[in-house]
Each structure stands twice: as C-alpha cells, then as structure tokens.
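Residue-level structural notes
One-letter residues, chain by chain:
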Amino acid sequence: GQQVMQIPQYQHVQEGEDFTTYCNSSTTLSNIQWYKQRPGGHPVFLIQLVKSGEVKKQKRLTFQFGEAKKNSSLHITATQTTDVGTYFCAGVERGGADGLTFGKGTHLIIQP
Amino acid sequence: DGGITQSPKYLFRKEGQNVTLSCEQNLNHDAMYWYRQDPGQGLRLIYYSQIVNDFQKGDIAEGYSVSREKKESFPLTVTSAQKNPTAFYLCASSLDRASSYEQYFGPGTRLTVT
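Report on the accompanying structure. (Residues numbered from 1 in each chain as written. Chains lettered and ligands numbered in written order. Predicted model: local features only at pLDDT ≥ 70, side-chain atom pairs only at ≥ 80, totals over all residues. Heavy atoms only, no water.)

1. So, the pairing of strand β6 (residues 55–58) of chain A
Rules: Any two strands with at least two DSSP bridges between them are considered paired. Only DSSP runs of H or I covering at least 4 residues are called helices, and only runs of E covering at least 2 are called strands; the numbering of each starts at the N terminus.
Bridge analysis of β6 of chain A against strand β7 (residues 61–65) of chain A gives four bridges, and the strand direction is antiparallel. Across the sheet, the residue bridging to Lys57 of chain A is Thr62 of chain A, located in β7 of chain A.

Next comes the structure, spelled out in structure tokens:
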C-alpha cells in the first residue's frame, strides 16, 4: 500500500531560525495536504497542493509539490513560538481509492 | 456554528470494559473517520465511513467497532479485545472520501485504560 514518509521526526530550532520538513511518497500522488497540530490540540488543515511543481505561500510558510508529484516540503521562515507543533503531510494516491494517507509528522520545538 | 464534537475529552476505564466514544458533525459531510494517535506518532486510521449504514476497516481495526446509523454521528466502541487501548482518539469528516477534500478534525478524546 501507499506509504508517506516525513523527515525529520523532530526538529529543534532557535526562535528566528528557518525550518523545513520533507514528505516523500512511495507512489505518485494526485494531491498532497498539510496539517498542523498544536500541542494538546487536533490537526488543522493548512493547504492542499495539486499541480506538479506547485508552490504556495501563506505568510512565512512556503509549500512545494515536487515535479514528479512524489514529494513535498513545508518551509517556515523566521520561526516564532506560535509555530510550535507537529506538521503532517497527507497524500492522496493518484488513481487510488484509499483516501488520505498521513505521514508520521515532524515535531517542531522552538527555543526562545 | 459548524464543526465536529467529540465527547468526552478525557475518559478513564478499567481493563476488560467496552467503551464508546462519541463523534457528531453538523457539516453535512458524507465521509467520517476515526484515527488513533499515540505519543509522538502519526495518525493511524481505524475505521471510515463514506455513507450512512456503510463503513470500512482501516489499518488498525482489530478490537474496535463502529456504526453509522445517522449522517451526523459515527460512534467508536473500543472493545476489551483491543490490547493497548490507551491513546488519543480523533474523529474527522470530509465532504467525500474518494475526492481530495480536506478533513476536519474534532478535539479528540484521550482514553486511559488501567
């Protein structure tokens, strides 16, 4: 079955540093979604990428979808304490009927 | 105010007891899901339902059961057959499962079995 892998599992940064998490799928995706889960909270949808090579920005967050539609990344510029949490990618396999497959997430820890 | 509600937020049970977790949505979504999350882990799919009176096993369905008698409701029963039931349980819904609609999550129920 489809597998979605995320790295790193944990990332410690100083406040103000940049942060990137990477997502890789074992199969070609039709689209990929990103979610954020604050500590003690529930996942909240951030964005969906559909097109090959697509880049989308939300303020300090930049999301990319690979040309082959098998990988994606989330980059945060100048992290703030409000960015703390776990970032999940979730992919929909192209032509598949299995719905979303979530990665294990990257835990972002920010030191002030 | 639309959304997904889960109750209770915290639940404590003795080993050997069945327990049912509630999930209700008023988003008029067809698809609903149950996930399990263990500390530091991702989301693992337990069961999903695409339509009323229909549901399918996810990746870790053993020891769990569900029902979908109403569009708005998708309760999960954690049975005594589930070997490690202590976890954070998240319910979610989306417009449709076959398409790539975003999932909306409830606040979760933290189940502790001793």
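2. A few points about the sheet that holds strand β3 (residues 19–25) of chain A
Residues and elements named next belong to chain A. We count it as follows: Between N-to-C directions, angles cover 0 to 180 degrees, with each direction set by a line fitted to C-alpha atoms, over the stretch in contact for helices.
Here we have five strands laid out as an open sheet, ordered β1-β3-β8-β7-β6, and antiparallel in their pairing. Two strands bound the open sheet, and with one partner strand each, they are β1 (4–7) and β6. The sheet shows a mean angle of 15° between the axes of neighbouring strands, direction not considered.

3. Observations concerning the pattern of salt bridges
Put simply, the rule is: Criterion for a salt bridge: a side-chain nitrogen of Lys or Arg within 4 Å of a carboxyl oxygen of Asp or Glu.
Going through the model one piece at a time under the given rule, you end up with five salt bridges over all chains. As a salt-bridge pair, Lys56 of chain A and Glu54 of chain A come within 3.8 Å of each other at their nearest N and O atoms. Residues Lys71 of chain B and Asp30 of chain B are paired through a salt bridge, measuring 3.4 Å at the closest nitrogen-oxygen approach. With Lys71 of chain B in the loop between β7 (64–66) and β8 (76–78) and Asp30 of chain B in the loop between β3 (19–25) and β4 (31–37), this pair connects stretches of sequence that are 41 residues apart.

4. Comments concerning the interface of chain B and chain A
Reports of interface size often rely on the accessible area that becomes lost once the parts have come together. Our working definition: Contacts between residues were defined by any pair of non-hydrogen atoms, one from each residue, lying within 4.5 Å. The term buried area refers to how much accessible surface (probe radius 1.4 Å) is lost by two components on association, counted for both of them together. Each polar contact in these results corresponds to two N or O atoms within 3.5 Å; when the atoms are within protein, one needs to be able to donate a hydrogen and the other to accept it, and residues that are neighboring in sequence are counted only if both atoms are side-chain atoms. When residues are sorted by character, Ala, Val, Leu, Ile, Met, Phe, Trp, Tyr, Cys and Pro go into the nonpolar class, Asp, Glu, Lys and Arg into the charged class, and all the rest, Gly among them, into the polar class.
Opposite the 16 residues of chain B that make contact, chain A presents 21 residues. Counting the surface lost from both chain B and chain A, the interface buries some 1,500 Å², and carbon and sulfur atoms represent 50% of this. On the chain B side of the interface with chain A, the three residues burying the most area are Arg97, Ser100 and Phe105 of chain B, jointly 30% of the side's total. Across the contact surface, chain B and chain A share zero salt bridges. For the interface between chain B and chain A, the tally reads three residue pairs in polar contact (both at pLDDT 80 or more). Mapped onto the side of chain B that touches chain A, the elements with two or more residues apiece are β4 and β9 (87–94) of chain B. In terms of residue class, the side of chain B that touches chain A is built from seven nonpolar, seven polar and two charged.

5. Notes on the side chain of Thr77 of chain B
Residues and elements named next belong to chain B. The condition that has to hold: The classification of residues rests on relative accessible area computed with a 1.4 Å probe and restricted to protein chains. Under 20% of the type maximum is buried, over 50% is exposed, and intermediate values are partly exposed.
On the secondary structure map, Thr77 appears in strand β8. For Thr77, a relative accessible area of 18% translates into the label buried. For Thr77, the side chain forms a polar contact with the side chain of Thr20, separated by 2.9 Å. Excluding its chain neighbours within four sequence positions, the residues that come into contact with Thr77 are Asn18, Val19, Thr20, Gly63, Tyr64 and Ser65.

6. A look at the sheet that holds β8 of chain B
Residue and element names in this part refer to chain B. Judged by pairing direction, the sheet is antiparallel, and its four strands sit side by side in the order β1-β3-β8-β7 without closing on themselves. The open sheet has two free edges, formed respectively by β1 (4–7) and β7, since each of these has just one partner strand. Averaged over neighbouring strand pairs, the angle between their axes works out to 20° when direction is ignored. Sheet topology note: the β3/β8 ladder contains three bridges and is antiparallel. Counted as the bridge partner of Val19 is Val78 from β8.

7. Comments concerning the state of the cysteines
Residue and element names in this part refer to chain A. Under the convention used in this document: Cysteine sulfur atoms that pair up within 2.5 Å are treated as a disulfide.
Under the defined criterion, the tally for this structure stands at two disulfides over all chains. There is a disulfide in this structure between Cys23 and Cys89, and the S-S distance comes to 1.9 Å. Across the S-S bond of Cys23 and Cys89 the torsion is about 75°, and the bridge reads as right-handed. Of the two residues, Cys23 is situated in strand β3 and Cys89 in strand β9 (residues 85–93); the sequence distance between them amounts to 66 residues. Overall, the relative accessible area of 0% leaves Cys89 in the buried class.

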